[in-house]
Amino acid sequence: MTQQQDATTTVSNKNSETQRTLPFSDTQDFSDAERGFIASLQPGVVKDASGNIVWDSDAFAFLDEECPPTVHPSLWRQSRLCAIQGLYEVTDGIYQIRGLDLSNMTIVEGDTGVIIIDPLISSETASAGLGLYRAHRGERPVVGVIYSHCHIDHFGGVKGVTTEADVAAGRCPVLAPTGFVEHAVAENVYAGTAMARRAAYMYGAALPRGAQGSIGAGLGATTSTGTPTLIPPTVHIDHTGQSEVVDGVRIEFQLTPGTEAPAEMNFYFPDKRALCMAENATHTLHNLLTLRGALVRDPHVWSKYLTESINRYASRTDVLFASHHWPTWDTPRITDFLSVQRDLYGYLHDQTLRAMNKGSVGIEIAEDIDLPPAIEKAWHTHGYYGSVSHNVKAIYQRYMGWFNGNPANLWEHPPVASAKRHVEFMGGAQEVIAKARRSYDEGDFRWVAQVLNYVIFADPDNTEAKALQADTLEQLGYGSENGTWRNFFLMGAYELRNGGIGTPTVTASTDISSALTVEQLFDALALRVDGPRAWDAKITIDWRVSDQSAIHRTQLRNGLLVHFDVGDADLPAPDATFTLTSRALHEALLGGTDLSAMIDDGSVVADGNVVALSELVGYLDSPDPDFAIVTP
């Protein structure tokens, strides 16, 4: 198998041309990113309780050097900005920890303590960030937490800054948009295994740091690999204009569901003339459909909410900050920043639909669409995290679905069967590889990747095809301005050369799983039923949840696990009944606790045919966090 290659002449020349044509003399972003610096974490390494490194910002020190041919110069610039690390003053009483995880953690000083906004992914990085703040601002207690939205990099580190006991006692309220728990749990549990596996590609967490490997993800350096936690919110924000006072700090909220997350909010500090835009306006074009997978976001409503932000807050704002990147100061600059961001999402939406209604399909629109010059010239509209290409395809998918309308594409063969037919029609594997080498030498890497993928899926043991494909994906990565595209390409090359690395991060932690409602818990269980094996099974179990005074029934029939609250319905007797608390239910079904032991110690009371549960469990499948991506 081949080792890492240098950039080809084709890629090197294209990157050099970018260096000449983009406005690298504009250094305003660097001035903003360094403004208010107080101190950095030294060394920039965070470890867990066992001594394992979960974050290493020092590994990105190479970004201080000149951009090499193996990196798109624009992405190198963005990565340098994202790697700037430490404690920063945003304005009087507002501080940020930046560069200690994918996201920022913001700290707002109140009358008696501090309010934490978005405590990163891992409890370890959040704790280190709070420690850095306290080392320079004093030992102020945490008296409030705000989750701006339901993605794990904005709540996962909460137990690094506060405790369940303080929250339960009312000493630390936790504020979040309505629907937060439902969406946070669903994303990390329902499709969590598949998303986490693809996130390993998207963020390149396993890639070596360096000019031929990981340089960042556009939104931040990468993801930490510590312990994700969750404390459910105690205060729900359910309408725009809702105001709350936390430790003497006045906060006005703007709900923005359906933008960057299904449950998200911006918020304004009127006494500080400071606006937090969560993840709705950052220094990049964001994702409308993230490469790790998610529900397609709505750029039309995103644009509308940005207009609302401008009209409600811009004229009375002196500083804008967000949960990623660096702040923007001064009212005119803030207004322009928000306006251009708004125009960006609105333009992509409207022009995609215009072309769609003229008969173009997503992949065609993505190739043809150009941004207006006034949008294109702004650094913060560049596709470092989202891209025009995959965002346009996402808009098409949102409205039209996967099918492009051509009946020839209505019933295509699946990947392996299609690949075998392609390779046969093209003259066999060796002929395809020989032609692919010529296309590689000509710099047509997109085509090489496509045709070699046929060979690999038709013949997974073809080492020659895999070696050339690794080289090809590497060149595509070297030439990409988008951080997540680069990571995907380089991760594909890495796994072709070294084998699968699995999933470095775990999102469905105990805290997150335990936040499932009873309804969500059985939803998650239903997703694991091996349908064909359970076609003929008929199992009915009642679950008496004692602390909720509810009876929940599960029925396995026709390979489907149906579940519902019994209520007052007159139903046939179940095969078995289990009486237990909601906590014991979580432990028994998802926590790996031995149900027999729970029955023996009295924490679960069983009636009827107890074996019915063992039969049900026997039909459950286990997700595979190491499934193949670049091979069948």
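Our structure is the block above this text.
Values in this document were obtained by computation on a predicted structure and should not be read as measured data.

> Which parts of the structure should I look at to understand the overall build of the protein?
Of the regular secondary structure elements, the protein holds 22 helices and 21 strands. Computed over C-alpha atoms, the radius of gyration of the protein comes to 26 Å, within 12% of the 26 Å expected from 2.2 N^0.38 for 632 residues, which places it in the range of a compact globule. For the protein, the spread of C-alpha atoms along the principal axes amounts to about 75 × 70 × 55 Å. When burial is assessed residue by residue, the protein has 55% of its 632 residues classed as buried. Here the contacts in the protein between residues at least 6 apart in sequence split such that 73% fall between residues at least 24 apart. Split by element, the accessible area of the protein, about 26300 Å² in all, is 49% carbon and sulfur. Averaging the positions of the 46 positive and the 78 negative side-chain charges in the protein gives two centres separated by 4 Å.

> For this particular structure, what's the right way to read empty space enclosed by the protein?
Once rolled over the atoms, a probe with the size of a water molecule shows which space is left empty. In this structure the tally under the stated criterion is two cavities of 30 Å³ or more. When its volume is computed, the largest cavity comes out at roughly 120 Å³. What lines the largest cavity is a set of 16 residues, and nearest its centre among them are Cys82, Arg98, Gly99, Asn104 and His325. In terms of residue class, the lining of the largest cavity is built from eight nonpolar, six polar and two charged. Approximately 30 Å³ is the volume found for the second largest cavity. Residue composition of the lining of the second largest cavity, by class: five nonpolar, two polar and no charged.

> Sorry if this is basic, but what is going on with the sheet that holds strand 11 (residues 243–246) here?
The strands making up a sheet are joined through hydrogen bonds of the backbone, oriented either antiparallel or parallel. Here we have six strands laid out as an open sheet, ordered 11-12-13-14-15-16, and mixed in their pairing. Two strands bound the open sheet, and with one partner strand each, they are strand 11 and strand 16 (328–329). Across four bridges, the pairing between strand 11 and strand 12 (residues 249–255) is antiparallel. Considered in strand 12, the bridge of Ser243 is made with Glu252. Across the sheet, helix 8 (residues 299–313) lies against strand 12, strand 13 (265–269) and strand 14 (274–276), angled at about 145° from strand 12, the strand it touches most.

> Hey, could you run me through the packing of aromatic side chains in this one?
Here the distance between the centres and the angle between the planes together describe a pair of aromatic rings. Applying the stated criterion across every chain, the model contains 20 aromatic pairs. Arranged with centres 6.4 Å apart and planes meeting at 85°, the rings of Trp485 and Phe489 form a pair that is edge-to-face. Here Trp485 and its partner Phe489 are both found in helix 17 (residues 483–498), four residues apart, which amounts to about one turn of the helix. Grouping aromatic residues by their ring pairs yields a cluster made of Phe253, Phe267, Phe269 and Phe321.

> Hey, could you run me through the sheet that holds strand 8 (residues 142–146) in this one?
Across the sheet, eight strands lie side by side as 1-4-5-6-7-8-9-10; this open sheet has mixed pairing. The sheet terminates laterally at strand 1 (37–39) and strand 10 (235–237), the two strands that pair on one side only. Taking each pair of neighbouring strands and ignoring which way they run, the sheet shows an average axis angle of 25°. Pairing geometry for strand 6 (residues 105–109) and strand 7 (residues 114–117), over four bridges, is antiparallel. Residue pairing across strands places Glu109 opposite Val114, the latter belonging to strand 7.

> What's the story with the pairing of strand 17 (residues 539–545) in this structure? I'm lost.
On any regular strand, side chains alternate: one points to one face of the sheet, the next to the other face. Most of strand 17 sits out of view: six of its seven residues are buried. For strand 17 and strand 18 (residues 550–557), the ladder comprises seven bridges, and the chain directions are antiparallel. The partner of Ile539 across the bridge, within strand 18, is Leu556.

> I would appreciate a short explanation of the pairing of strand 13 in the present structure.
Across the five residues of strand 13, five count as buried, placing the element largely inside the fold. Here strand 13 shows no split at all, with Met265, Phe267 and Phe269 on one side and Asn266 and Tyr268 on the other all buried. Bridge count between strand 13 and strand 14: three bridges; the pairing is antiparallel. Bridging across to strand 14, Tyr268 finds its partner in Leu275. Between strand 13 and strand 14, which follow one another and run antiparallel, lie four residues, and Arg273 among them has a positive phi close to 50°.

Reading the values: the criteria
- Residues numbered from 1 in each chain as written.
- Predicted model: local features only at pLDDT ≥ 70, side-chain atom pairs only at ≥ 80, totals over all residues.
- Heavy atoms only, no water.
- Helix = DSSP H or I, 4+ residues; strand = E, 2+ residues; numbered from the N terminus.
- Rg over C-alpha atoms; globule rule 2.2 N^0.38 Å.
- Buried < 20%, exposed > 50% of the residue type's maximum accessible area, 1.4 Å probe, protein only.
- Contact = heavy atoms within 4.5 Å.
- Areas by Shrake-Rupley, 256 points an atom, 1.4 Å probe, with all protein chains shown as cover.
- Lys, Arg positive; Asp, Glu negative; His and termini not counted.
- Charge placed at Lys NZ, Arg CZ, Asp CG, Glu CD.
- 1 Å grid on protein atoms, 1.4 Å probe; cavity = no way out; pocket = protein on both sides within 12 Å on 5 of 7 lines; lining within 4 Å.
- Points joined across faces, edges and corners; volume = space filled by probe spheres on them.
- Nonpolar A, V, L, I, M, F, W, Y, C, P; charged D, E, K, R; others polar.
- Pairing = 2+ DSSP bridges.
- Axes fitted to C-alpha atoms, helices over the stretch in contact; angles between N-to-C directions.
- Phe/Tyr/Trp six-rings, centres within 6.5 Å; stacked < 30°, edge-to-face > 60°.

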